[in-house]
Amino acid sequence: MGWLDRLRAGRTPEPPSPTVDEQLAAASAAARNGDHATALAIWGPLARDGVPRAQSNIGACFAEGLGVERDLALAVRWLSLAAEAGDPIGQRNLATLHFRGDGVARDDGRAAALYRAAAEQGDAAAQDMLSWMLVEDGVLFDPAEARLWAQRAADQGVATAMTRLGMLHHNALGVARDPAEAARWWRMAAARGDADAQAMLGAACHLGSGVPADPVQALAWLLRGTAGGSALAGRFLGPARAALDPARIAEAEALARRPLPEVAP
């Protein structure tokens with residue numbers, strides 16, 4: 001063995017460079033810990049190299065002012081690059097800017113198209129938002145398709161989509177009216193902390209709609225919904241309280257303070 005071979009043999013091999021996925025994982029971990037400066041330092045070079053998820057994440061930081069000054073023009077630029085490359089999170093975040101009219105003109109049609117592109121790739125938040133638009137937007141109104149996307153989001157554990165499925169069954173939008181099915185969905189969403197579902201489940205228990213009437217449970221769920229900020233609870237809260245004596249009101253209030261029941265993953 002010559003001297004050069006002996007020199008090479010004595011060297012400590014350099015560790016391999018982290019892969020793109022490893023860098024993205026490290027940046028996401030930093031962001032979850034609130035260290036957006038570190039995350040941006042990782043995402044920046046990746047984004048300039050054309051990595052769509054890094055472009056999407058940088059765009060989201062500019063949109064929300066996370067680790068940088070809020071700059072909607074830069075948010076649109078980076079999110080557009082990510083969306084054009086097919087990144088579902090980039091598509092969803094750009095859709096939100098179009099829906100809000102942040103940095104771009106408000107355009108519900110463009111927002112829906114972007115939400116749809118992300119939804120078709122399995123993005124649960126996009127599925128949920130597309131479902132909402134298909135119910136709430138008069139131009140896009142399509143309750144049957146709204147139910148399809150809400151179901152897909154609900155299958156991924158999105159509580160607001162479960163609440164919407166309950167509303168669709170309650171109001172006979174795209175399906176036959178089914179109070180029991182509505183209450184079933186509201187119960188699942190309520191257990192996951194969705195305030196509107198808690199309010200509607202409370203109303204169902206108060207009226208005996210789809211579930212046996214239960215005045216104590218009715219008030220307990222309505223109190224949870226009210227505490228969570230649901231405007232839907234107000235119509236039923238007074239009548240539900242008036243239906244109970246002080247002892248049972250206290251029982252309902254104690255129930256409302258308990259932790260939510262365990263939800264299977």
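Residues numbered from 1 in each chain as written. Predicted model: local features only at pLDDT ≥ 70, side-chain atom pairs only at ≥ 80, totals over all residues. Heavy atoms only, no water.

## With respect to the nonpolar core
Link 1 in the chain: Counting 63 residues, the largest nonpolar core has Trp43 and Tyr115 as its most contacted members.
Link 2 in the chain: It is helix H8 (residues 124–136) that provides the largest number of residues to this core, a total of 7 residues.
Link 3 in the chain: The contact partners of Tyr115, leaving out residues within four places of it in the chain, are Arg92, Ala95, Thr96, Phe99, Ala126, Met129, Leu130 and Met133.
Link 4 in the chain: Ala233, Ile249, Ala252 and Ala256 belong to the second-largest nonpolar core, a separate cluster that totals 16 residues. (Core = buried A, V, L, I, M, F, W, Y, C linked by side-chain atoms within 4.5 Å. Buried < 20%, exposed > 50% of the residue type's maximum accessible area, 1.4 Å probe, protein only. Helix = DSSP H or I, 4+ residues; strand = E, 2+ residues; numbered from the N terminus. Contact = heavy atoms within 4.5 Å.)

## Here we look at the packing of aromatic side chains
Link 1 in the chain: With the rule as written, the count across this model stands at 1 aromatic pair.
Link 2 in the chain: Arranged with centres 5.8 Å apart and planes meeting at 90°, the rings of Phe99 and Trp132 form a pair that is edge-to-face. Placement of Phe99 in helix H6 (residues 88–100) and of Trp132 in helix H8 is noted, with a sequence separation of 33 residues between them.
Link 3 in the chain: For Arg152, the ring lying beneath its charged end belongs to Trp149, and the centroid distance is 4.7 Å. (Phe/Tyr/Trp six-rings, centres within 6.5 Å; stacked < 30°, edge-to-face > 60°. Lys NZ or Arg CZ within 6 Å of the ring centre and 35° of its normal.)

## So, the environment of Val135
Link 1 in the chain: On the secondary structure map, Val135 appears in helix H8.
Link 2 in the chain: Take Val135: its relative accessible area is 17%, and that puts it in the buried class.
Link 3 in the chain: Measuring from C-alpha to C-alpha, the distance between Val135 and Val68 comes to 36 Å, with 67 residues separating the pair along the chain.
Link 4 in the chain: When near neighbours in sequence (up to four residues on either side) are disregarded, Val135 contacts Phe141, Ala146, Arg164 and Leu168.

## Some details on the side chain of Asp137
Link 1 in the chain: With respect to the helices and strands, the residue Asp137 is situated in the loop between H8 and helix H9 (143–155).
Link 2 in the chain: Despite being buried, Asp137 has no salt bridge partner; Arg106 is the closest side chain of opposite charge, sitting 5.8 Å away.
Link 3 in the chain: Of the polar contacts made by the side chain of Asp137, one reaches the backbone nitrogen of Val139; its length is 2.9 Å. (Lys, Arg positive; Asp, Glu negative; His and termini not counted. Salt bridge = Lys/Arg side-chain N within 4 Å of Asp/Glu carboxyl O. Polar contact = N/O pair within 3.5 Å; in protein donor to acceptor, adjacent residues only side chain to side chain.)

## Structural notes on helix H15 (residues 246–257)
Link 1 in the chain: The terminal C-alpha atoms of H15 lie 17 Å apart, and with 12 residues this matches the ideal 16 Å at 1.5 Å per residue to within 8%.
Link 2 in the chain: Within H15, the full set of buried residues consists of Ile249, Ala252, Leu255 and Ala256. Seen end-on, H15 carries its buried residues on one side only, within an arc spanning 120°. In H15, the exposed residues that point more than 90 degrees away from the buried face are Pro246, Ala247 and Arg257.
Link 3 in the chain: Of the surrounding secondary structure, the elements contacted by the buried residues of H15 are helix H13 (215–227) and helix H14 (234–242). (Expected span 1.5 Å × (residues − 1). Arc of directions from axis to C-beta.)

## A look at the packing of helix H3 (residues 36–48) against helix H4 (residues 52–64)
Link 1 in the chain: For the pair H3 and H4, the least separation of the axes is 8 Å and the interaxial angle reads 135°. Relative to H4, the element H3 is oriented oblique. Crossing handedness for the pair H3 and H4: left-handed. Contacts between H3 and H4 involve His36, Leu40, Trp43, Gly44, Leu46 and Ala47 from the former and Ala54, Gln55, Asn57, Ile58 and Cys61 from the latter. (Axes fitted to C-alpha atoms, helices over the stretch in contact; angles between N-to-C directions. Parallel < 35°, antiparallel > 145°, perpendicular 65-115°, else oblique. Left-handed = near helix turned anticlockwise from the far one by under 90°.)

## So, the pattern of salt bridges
Pairing is possible between side chains that carry opposite charge, provided their charged atoms lie close to one another.
Link 1 in the chain: A complete count under the given rule lists 9 salt bridges for this structure.
Link 2 in the chain: Between Arg100 and Glu64 there is a salt bridge whose closest N-O contact spans 3.8 Å. Taken as a pair, Arg100 in helix H6 and Glu64 in helix H4 lie far apart in primary sequence, 36 residues in all.
Link 3 in the chain: Close ionic contact of Arg241 with Glu253 constitutes a salt bridge, the shortest N to O distance being 3.3 Å. One end of the pair, Arg241, is in helix H14; the other, Glu253, is in helix H15, with 12 residues separating them in the sequence.

## Some details on the packing of H13 against H15
For any two helices packed against each other, the geometry comes down to the angle between their axes and how far apart the axes lie.
Link 1 in the chain: Interhelical geometry of H13 versus H15 gives an angle of 45° and a closest axis separation of 8 Å. Regarding the angle of H13 to H15, the classification is oblique. Crossing of H13 over H15 shows right-handed handedness. Contacts from Val216, Gln217, Leu219, Ala220, Leu223 and Arg224 of H13 reach H15 at Arg248, Ile249, Glu251, Ala252, Glu253, Leu255 and Ala256.
Link 2 in the chain: Class assignment of the residues belonging to the contact of H13 with H15 gives a composition of 8 nonpolar, 1 polar and 4 charged. (Nonpolar A, V, L, I, M, F, W, Y, C, P; charged D, E, K, R; others polar.)

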